[in-house]
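A structural walkthrough
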Amino acid sequence: MIVRMVIVVLGFTLACSGTPPTSPNQGLASTPSPEAEDDEDDEDDDDSDDSDDSDDGSDALDCGDGTIRPGRAPMRRLTVIEYDNTIRDLLGDDSSPAQRLVDAEPKTDNVDARPMTPLLAEQYMAVAEDVAARAVTDLEALLACDPTVSGEDPCVEGFLAEFLPRAYRRPVEATALDSMIEVYRIVRAAAPYDVAVSALLEAVLQSPGYLYRVELAVDTGPAVVRLDNGQLASRLSYLIWSTMPDSTRLSAAGSGELDTDAGVEEQARRMLADPRARPTVQRFFANWAELHKLEDLVKDLTVFPDYHDGIPDLFRTETLAFIDEVLYEGDASWVTLLTAPWTMANEELAAYYGLEGAEDPAFTRIERDPRYHAGLLTHGGVLASRDRAYETSPIHRGMFVRAGLICGGPGSLPEPEISWSNILVR
């Protein structure tokens, strides 16, 4: 059932972005025009997780006029979560180093709103230095090689040949390997071995190949090209796990298991059954419901006397626990998400709502009056974050429903019939 929900989520996301959804098999990407490339040098882009319905792609995304529109696919910078997860899986560093980035990242995964800045580039350098310093504390474990036995340069060269393709999430050319080896050799000529290896890691972690998810078109002739299996494995992994593809996904890509719809579905089901999928699904709904607005929630205590500073955290936990309950313990249905006459609450939140049924600090399922409450749109966090400090705001709530569910802005008003006689009469 969770697979069905994720497919619905993907379709919902693509529909709201104006891109027609397709089946989750071979990915497609638009080859950017020279003008588009100029415009996108300093920009990132949304995932283009569109794909076709057949193995030959002849009738994919047929929108009525025979045109295939998978959406553009320029470079996309890793989010803070993706950076941390990738570092964890690449080097075993679970310190969440990207949390220190002065990114001022908007609470969105729309990468067009996330340009690189000089300050951010400097912060990436500082993070890379810290990660590399921790990694070289045990050189033999890092390199999987003993420099005193095999030699310093052969150990580094063997390590880089395996490490760089994993860091870049794609095969790398000999020139890329040579340029990184040159960084190591230049530093090694003037510094100890561990410092040179650290400098090598810093260079890799600051390179566009690591910081960006790059999808290089094999054939740049047509406007629309098919992703190779390695790129598709990377899309799947970052979509469902928010991290780099693991050895199983890379093996599936190399063996041709991602050539068919059935192969992609099998891999997606395996990944969704893994606990690593849960945080990604929750982040999707947290972004969609704009729960980050709870961080700045302020209420007038003369109007809302029971409100206190701990309420926003309770609201957020309620919604995330509710989503988790529906997706993983329930029927994974949009109908349940939007109409369920129950919610998740602990003793404190239940008391705030004036409800009975929760008697401990843990969040449990409690019933609500279906005449007034239905699904997550009636959660306190969704409602309160769209109100003013001193009153509720049905208009702002309605605007969220219009934009977040119906995928449209306010309709245009009809032109008024104005005449001098009407003006004079009035």
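Read on for an overview of the structure. (Residues numbered from 1 in each chain as written. Predicted model: local features only at pLDDT ≥ 70, side-chain atom pairs only at ≥ 80, totals over all residues. Heavy atoms only, no water.)

Quick notes on the overall build of the protein chain
Stated precisely, the cut-off is as follows: Each helix is a run of H or I in the DSSP string that is no shorter than four residues. Each strand is a run of E no shorter than two, and both are numbered from the N terminus. Only heavy atoms enter the contact rule, under which two residues are in contact if any of them lie within 4.5 Å. Computed with the Shrake-Rupley method and a 1.4 Å probe, the accessible areas treat only the protein chains shown as cover for residues.
Per the secondary structure count, the protein chain includes 20 helices and six strands. Considering only intrachain contacts with a sequence separation of at least 6, the fraction spanning at least 24 residues in the protein chain is 68%. On the protein chain, roughly 21,600 Å² of surface is accessible, and the fraction owed to carbon and sulfur atoms is 55%.

Quick look at the pairing of strand β5 (residues 342–345)
This is how the line gets drawn: Each residue's exposure class comes from its accessible area (1.4 Å probe, protein chains only) as a fraction of the maximum for that residue type: buried when under 20%, exposed when over 50%, partly exposed otherwise. Any two strands are treated as partners once DSSP identifies two or more bridges connecting them.
Alternating residues of β5 divide into W342 and M344 and T343 and A345, and every residue in both groups is buried. When β5 meets strand β6 (residues 364–367), the two strands line up antiparallel, connected through four bridges. Pairing of M344 across the sheet is with R365, part of β6.

Topic: the nonpolar core
For soluble globular proteins, nonpolar side chains are generally found buried alongside one another. As a reminder, the rule being used: Only buried residues count toward a nonpolar core. Its members are Ala, Val, Leu, Ile, Met, Phe, Trp, Tyr and Cys residues joined through side-chain atoms within 4.5 Å.
Grouped together as the largest cluster of nonpolar side chains are 45 residues, with contacts concentrated most on Y83, L142, L143, V197 and Y210. Of all elements in the fold, only α3 (80–91), α4 (118–135), α5 (139–143), α7 (152–168), α8 (174–188), α9 (193–205) and α10 (208–211) reach the threshold of two or more residues within this core. When residues of this core are assigned to their parent elements, the largest contribution, eight residues, is made by α7. Among all residues touching L142, those that are not within four sequence positions of it are L91, A135, V136, F159, V197 and L201. L291, I366, V382 and F400 belong to the second-largest nonpolar core, a separate cluster that totals 36 residues.

Let's talk about the pattern of salt bridges
Selection rule: One side-chain nitrogen of Lys or Arg within 4 Å of one carboxyl oxygen of Asp or Glu is enough to make a salt bridge.
Enumeration according to the criterion identifies 20 salt bridges in this entry. Here E82 ties to R213 by a salt bridge, and the two come within 3.8 Å at their closest N and O atoms. Note that E82 is positioned in helix α3 and R213 in strand β3 (residues 212–213), a separation of 131 residues in sequence. As far as the burial class goes, E82 and R213 line up, both buried. Note that R388 and E391 form a salt bridge whose closest N and O atoms lie 3.4 Å from each other. One connected set of salt bridges, linked through shared partners, spans R76, E82 and R213.

Section: the packing of helix α12 (residues 247–255) against helix α13 (residues 261–272)
When two helices pack together, their arrangement is given by the angle between the helix axes and the distance between those axes. Under the convention used in this document: Each axis is a line fitted through C-alpha atoms, and for a helix only the stretch in contact is used; angles between axes span 0 to 180 degrees, taken between their N-to-C directions. Put simply, angles under 35 degrees are roughly parallel, angles over 145 are roughly antiparallel, angles from 65 to 115 are roughly perpendicular, and the rest are oblique. Residue polarity is assigned by list, with Asp, Glu, Lys and Arg as charged and Ala, Val, Leu, Ile, Met, Phe, Trp, Tyr, Cys and Pro as nonpolar; anything else, Gly included, falls into the polar class.
Running from N to C, α12 and α13 cross one another at 175°; their axes reach a closest spacing of 12 Å. By the angle class used here, α12 and α13 are roughly antiparallel. The residues of α13 that touch α12, namely those facing T248, R249 and A252, are Q267, R270 and M271. A breakdown of the residues in the contact of α12 with α13 according to their chemical character gives two nonpolar, two polar and two charged.

A short note on the packing of helix α11 (residues 229–240) against α13
This is how the line gets drawn: By definition, any crossing whose near helix is turned counterclockwise from its far helix by less than a right angle is left-handed, and any crossing with a clockwise turn is right-handed.
Interaxial distance between α11 and α13 falls to 10 Å at its minimum, and their mutual angle equals 30°. By the angle between their axes, α11 is roughly parallel relative to α13. Note on packing geometry: the crossing formed by α11 with α13 is right-handed. From α11, L232, L236, S237 and I240 reach across to α13, where they touch V264, Q267, A268, M271 and L272.

Remarks on the packing of aromatic side chains
Operational definition: The pairing test for Phe, Tyr and Trp rings, Trp by its six-membered ring, is centres within 6.5 Å, and the orientation test on the planes gives stacked under 30 degrees, edge-to-face over 60, and tilted for anything in between. Working rule: Lys NZ or Arg CZ, within 6 Å of ring centre, within 35 degrees of ring normal, means a charge sits over the ring.
Counted by the stated rule, this structure contains 13 aromatic pairs. Ring centres of F322 and W342 lie 5.0 Å apart, and the angle between their planes is 55°; this geometry places the pair in the tilted category. Of this pair, F322 sits in helix α15 (residues 311–329) while W342 sits in strand β5, placing them 20 residues apart in sequence. Across the pair, exposure class does not vary: F322 and W342 are buried alike. On the basis of an interplanar angle of 50° and a centroid distance of 6.2 Å, the ring pair of Y352 and Y353 is categorised as tilted. Classification of Y352 by relative accessible area gives partly exposed; the value is 26%. Aromatic ring contacts, followed pair by pair, group F284, F285, W288, W334 and F400 into a single cluster. It is R386 that lies over the ring of F400; its NZ or CZ is 3.8 Å from the centre.

A closer look at a negative patch on the surface
Rules: Each patch is built from salt-bridge-free residues with over 30% relative accessible area, joining like charges within 9 Å and nonpolar side chains (Val, Leu, Ile, Met, Phe, Trp, Tyr) within 5 Å. We score Asp and Glu as negative and Lys and Arg as positive, and we do not count His or the chain ends. The atoms used to mark charge sites are NZ of Lys, CZ of Arg, CG of Asp and CD of Glu.
Negative charge collects at one region of the surface, where E347, E348, E356, E359 and D360 lie side by side. Turning to its location among the elements, E359 is positioned in the loop between α17 (347–353) and β6.

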